[in-house]
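Letter by letter, the chains look like this.
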Amino acid sequence: MKILYSNFLILSIFGLNFAISPPAKAAISCENDTIIRYSNGSLYTCIINQNTTLQLSSASGISTFPCKAESYIYFDKKGQFQRCQLAENIQIIIGDSLEKCPANFWINVSISDAGHQSITCRQY
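Residues numbered from 1 in each chain as written. Predicted model: local features only at pLDDT ≥ 70, side-chain atom pairs only at ≥ 80, totals over all residues. Heavy atoms only, no water.

**Notes on the side chain of Thr52**
Examined against the element boundaries, Thr52 turns out to sit in strand E3 (residues 52-58). Only 3.0 Å separates the side chain of Thr52 from the backbone oxygen of Gln50, close enough to count as a polar contact. Among residues more than four places away in sequence, those in contact with Thr52 are Ile28, Phe65, Pro66 and Cys67. (Helix = DSSP H or I, 4+ residues; strand = E, 2+ residues; numbered from the N terminus. Polar contact = N/O pair within 3.5 Å; in protein donor to acceptor, adjacent residues only side chain to side chain. Contact = heavy atoms within 4.5 Å.)

Printed below as a string of structure tokens:
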């Protein structure tokens, strides 16, 4: 009985820890032999093997990017998302206007030190 209680207590502590902690980093599922890493070990790029939706939070708000399977995804040295090919159409706010970014275009994201997001959409 002490063992069960001990395990329950440990699970409760871990459950509480996960509830209070910030969200874990998303796992990216990459095709075999496509992973390239920075010298610090963080992921630079790979070909994702399934459509992957990324959410980024910045001073500008939360942005959602649906990245296309079987295309490259890129990150900076700090592990921040940089760009991917879109799996579906999205709309982005640039200045005071709302612009459409079609599926198969590339979305490029940069976040300043102050936390402001810059988003561009291009056909490569």
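Now, onward.
**Considering the environment of Ala69**
Among the secondary structure elements, Ala69 is positioned in the loop between strand E4 (61-67) and strand E5 (72-75). Linking Ala69 and Ile47, residues 22 residues apart in sequence, is a C-alpha distance of 7.5 Å. Sequence-distant contacts of Ala69, defined by excluding residues within four places in its chain, comprise Ile48, Asn49, Gln50 and Asn51.

**Quick notes on unusual backbone geometry**
Backbone geometry at Glu70 places phi at a positive 65°, although glycine is not the residue there. Note that Glu70 resides in the loop between E4 and E5. Among the residues examined, Glu70 registers a relative accessible area of 67% and is labelled exposed. Although it is not a glycine, Asn104 sits at a positive phi angle of roughly 80°. Within the secondary structure layout, Asn104 lies in the loop between strand E8 (97-101) and strand E9 (106-111). (Buried < 20%, exposed > 50% of the residue type's maximum accessible area, 1.4 Å probe, protein only.)

**Description of the packing of aromatic side chains**
Here the structure, examined in full by the defined rule, presents six aromatic pairs. Aromatic pair Tyr38 and Tyr44: ring centres 5.2 Å apart, planes at 70°, arrangement edge-to-face. Since its relative accessible area comes to 18%, Tyr38 is described here as buried. A relative accessible area of 29% means that Tyr44 is categorised as partly exposed. Look at Tyr74 and Trp106: their rings are 6.3 Å apart centre to centre, the planes differ by 50°, and that puts the pair in the tilted class. Of this pair, Tyr74 sits in strand E5 while Trp106 is found in strand E9, placing the two residues 32 residues apart along the sequence. Of the residues examined, Tyr74 reaches a relative accessible area of 15% and is grouped as buried. (Phe/Tyr/Trp six-rings, centres within 6.5 Å; stacked < 30°, edge-to-face > 60°.)

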